[in-house]
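The primary structure of each chain is shown beneath.
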Amino acid sequence: MSSTDGTAPPDRPTDRTPGPKLDLGPVGHLGDRLFAGLARGSGGLVVAIVAFVGVFLLALAIPALADNNSSFLFSRIWEPGGDNPRFGIAALFYTTLISSIIAMVIAVPIAVGVALFTTYYSPKRLAAPVAHAIDLLAAVPSIIYGLWGILFFAPILRPVINGLAAALGWIPIFEKPATDNLGVVFTASVVLAIMILPVVTAISREIFAQTPVAHREGALALGATRWEMIRMAVLPYGRSGVVSASMLGLGRALGETVAVLIILSVPNGNDPWNSSIFAGGETFASKIANNAAEFDSPEKTGAYIAAGLVLFVVTFLVNSAARIIVARSGPGGRRPRKNRRIGDKAAQTEGATP
């Protein structure tokens with residue numbers, strides 16, 4: 001019972017009386033500090049390595065660029081030695097870019113289709129073997145792809161090349177040269193597409209499988225077919241993942257060396273430059289690897305290092321663009337402009353309703 005003045009009896013503790021303390025023993029934060037330090041150190045180490053590579057390439061390239069007597073960005077001449085060094089990356093940049101773009105055009109739709117098939121269409125007994133078979137393509141060495149591409153796959157592509165040249169030969173990029181050559185840019189691009197296929201497929205498959213069940217079942221409950229459910233729920237949710245996977249594949253295609261080196265035929269220096277994808281050529285990576293024996297002087301070495309610097313910058317820009325695209329289009333991010341307008345109108349209508 002409480003006393004008449006409203007205070008608690010002396011034998012009963014009030015609400016303000018602290019209870020017994022629970023002794024949890026000594027709590028150490030050494031593990032947290034160690035883990036945080038390792039995490040920060042790992043991130044800083046990666047940034048330092050990238051910065052060191054960039055500074056190293058720039059330091060070795062500047063002297064050669066200062067002595068260059070030609071336009072480095074727009075010239076197609078490559079004569080880095082002698083008293084009058086002249087070298088430019090226009091042809092290398094074009095071949096690298098066009099081969100990577102063709103590989104992406106071929107690989108990304110196939111990868112998205114395979115990912116959707118293994119995730120939503122194929123039986124479970126078939127999905128796992130197909131996924132494992134696609135993933136095993138990533139374990140094949142580049143030199144095997146190169147030898148297979150030039151010895152076995154290039155003759156198979158010859159009718160395709162002839163058909164495209166006959167139908168689209170009036171376009172310079174599809175014009176077939178007079179010489180019949182197997183080591184052309186188109187063959188290298190198709191092989192590159194096969195090489196990046198497992199990367200894009202694996203990431204897209206995992207992203208599509210993470211689509212919320214409520215989104216999929218909601219679309220089906222509204223009467224959508226399986227394809228409409230994929231179009232309205234799965235593809236918008238996985239768009240950022242597909243973009244990220246495509247950029248990773250693009251980085252692989254830009255920097256591939258051995259396979260492209262084996263497949264592409266090196267054009268004669270006296271021949272005029274040909275922009276057709278049915279002609280030979282050299283990429284940044286294949287040019288550097290194919291002429292490693294010429295690194296006998298600082299001037300020649302600096303010229304090839306300058307080409308490597310451009311490839312480094314291009315790859316860095318591609319990865320940065322991928323991060324920006326993923327950040328802007330990821331799940332839960334900003335809505336598209338059209339959807340924002342519809343949502344704003346709906347909110348105004350709801351607010352105006354009494």
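It should be emphasised that the depicted structure is a prediction, and the values quoted were computed from it without experimental measurement.

## Here's the deal with the overall build of the protein
Check the secondary structure of the protein and you find eleven helices and two strands. N-terminal to C-terminal, the α/β element order of the protein is α-β-β-α-α-α-α-α-α-α-α-α-α. Here the protein holds 354 residues, and 33% of them are scored as buried. Contacts spanning at least 24 positions in sequence make up 73% of the contacts within the protein whose residues lie at least 6 apart. Working note: accessible area of the protein is about 21,400 Å², and carbon and sulfur atoms make up 66% of it.

## Things to note about the UniProt feature "transmembrane region" (unreviewed entry) in the protein
On the UniProt side, "transmembrane region" (unreviewed entry) is annotated at positions that read residues 43-66, 86-118, 130-150, 156-174, 181-203 and 303-326 here. When the span residues 181-203 is considered, its composition is 83% helix and 0% strand, and the gap between its end C-alpha atoms is 36 Å.

## Re the packing of helix α5 (residues 185-209) against helix α7 (residues 226-255)
For the pair α5 and α7, interaxial distance at closest approach is 8 Å and the crossing angle is 150 degrees. Judged by the angle between their axes, α5 and α7 are roughly antiparallel. The crossing of α5 and α7 is right-handed. The segment α5 lies against α7, with Leu192, Met195, Ile196, Val199, Val200, Ile203, Ser204, Ile207 and Phe208 engaging Val234, Leu235, Tyr237, Gly238, Gly241, Val242, Ala245, Ser246, Leu248, Gly249, Arg252 and Ala253. Grouping the constituent residues of the contact of α5 with α7 by class yields 15 nonpolar, five polar and one charged.

## Describing the nonpolar core
Counting 62 residues, the largest nonpolar core has Trp78, Phe186 and Phe208 as its most contacted members. Within the residue set of this core, elements represented by two or more residues are α1 (30-67), α2 (90-121), α4 (142-168), α5, α7, α8 (258-263) and α10 (298-329). For this core, the leading source of residues is α2, giving eleven residues. Apart from residues no more than four positions distant in its own chain, phenylalanine 186 is found in contact with Leu157, Val160, Ile161, Leu164, Ile277 and Phe278.

## Describing the confidence of the model for the protein
Here the protein shows a mean pLDDT of 83. Residues at 70 or above account for 84%. Averaged pLDDT values over the elements of the protein bottom out at 45 in helix α11 (residues 337-352) and peak at 93 in α2. Taken together, the stretch residues 332-354 has pLDDT below 50 and engages in four contacts with residues farther than four places along the chain or on a different chain.

## Description of the packing of α4 against α5
Running from amino to carboxyl end, α4 crosses α5 at an angle of 125 degrees, the nearest separation of the two axes being 8 Å. If you check the angle between α4 and α5, you find them oblique. As α4 packs across α5, the resulting crossing turns out to be right-handed. The segment α4 lies against α5, with Ser142, Tyr145, Trp148, Gly149, Phe153, Ala154, Leu157, Val160, Ile161 and Leu164 engaging Phe186, Thr187, Val190, Val191, Ile194 and Met195.

## Examining the pattern of salt bridges
Under the counting rule described, the total for this entry stands at four salt bridges. Here glutamate 79 ties to arginine 86 by a salt bridge, and the two come within 3.0 Å at their closest N and O atoms. A relative accessible area of 40% places glutamate 79 in the partly exposed class. When the shortest N-O distance is used, the salt bridge between glutamate 282 and lysine 287 registers 3.2 Å. Per residue, the accessibility class of glutamate 282 equals that of lysine 287, and both read buried.

## Re the environment of serine 204
With respect to the helices, strands and loops of the structure, serine 204 is situated in helix α5. Serine 204 gets classed as buried once you look at its relative accessible area, which sits at 0%. Each C-alpha atom, one on serine 204 and one on glycine 238, is 7.3 Å from the other, the two residues being 34 residues apart in sequence. Setting aside anything within four residues of it in sequence, one finds serine 204 in contact with Ala115, Val242 and Ala245.

## Focus on α7
Compared with an ideal rise of 1.5 Å per residue, which puts 30 residues at 44 Å, α7 spans 38 Å between its outermost C-alpha atoms and falls more than 12% short. In the structure, α7 departs most strongly from a straight axis at arginine 239, where the bend amounts to approximately 50 degrees.

## Regarding the environment of aspartate 83
As for its position among the elements, aspartate 83 is in the loop between β1 (78-79) and β2 (86-87). On a C-alpha basis, the gap between aspartate 83 and aspartate 67 in space is 9.5 Å, while along the polypeptide they are 16 residues apart.

## Side note on the packing of aromatic side chains
Scanning all chains against the criterion turns up ten aromatic pairs. Of the aromatic side chains, those joined through ring pairs into one cluster are Phe72, Trp78, Phe87, Phe295 and Tyr304.

## Here's the deal with the side chain of threonine 95
Here threonine 95 shows up in helix α2. Excluding residues that lie within four positions of it along the chain, threonine 95 makes contacts with Val185, Leu264, Gly281, Glu282 and Thr283.

Rules and cut-offs
- Residues numbered from 1 in each chain as written.
- Predicted model: local features only at pLDDT ≥ 70, side-chain atom pairs only at ≥ 80, totals over all residues.
- Heavy atoms only, no water.
- Helix = DSSP H or I, 4+ residues; strand = E, 2+ residues; numbered from the N terminus.
- Buried < 20%, exposed > 50% of the residue type's maximum accessible area, 1.4 Å probe, protein only.
- Contact = heavy atoms within 4.5 Å.
- Areas by Shrake-Rupley, 256 points an atom, 1.4 Å probe, with all protein chains shown as cover.
- UniProt positions renumbered as here; feature names shortened; annotations may be inferred.
- Axes fitted to C-alpha atoms, helices over the stretch in contact; angles between N-to-C directions.
- Parallel < 35°, antiparallel > 145°, perpendicular 65-115°, else oblique.
- Left-handed = near helix turned anticlockwise from the far one by under 90°.
- Nonpolar A, V, L, I, M, F, W, Y, C, P; charged D, E, K, R; others polar.
- Core = buried A, V, L, I, M, F, W, Y, C linked by side-chain atoms within 4.5 Å.
- pLDDT = per-residue confidence, 0-100.
- Salt bridge = Lys/Arg side-chain N within 4 Å of Asp/Glu carboxyl O.
- Expected span 1.5 Å × (residues − 1).
- Bend = angle between axes of the 7 residues up to and from the residue.
- Phe/Tyr/Trp six-rings, centres within 6.5 Å; stacked < 30°, edge-to-face > 60°.

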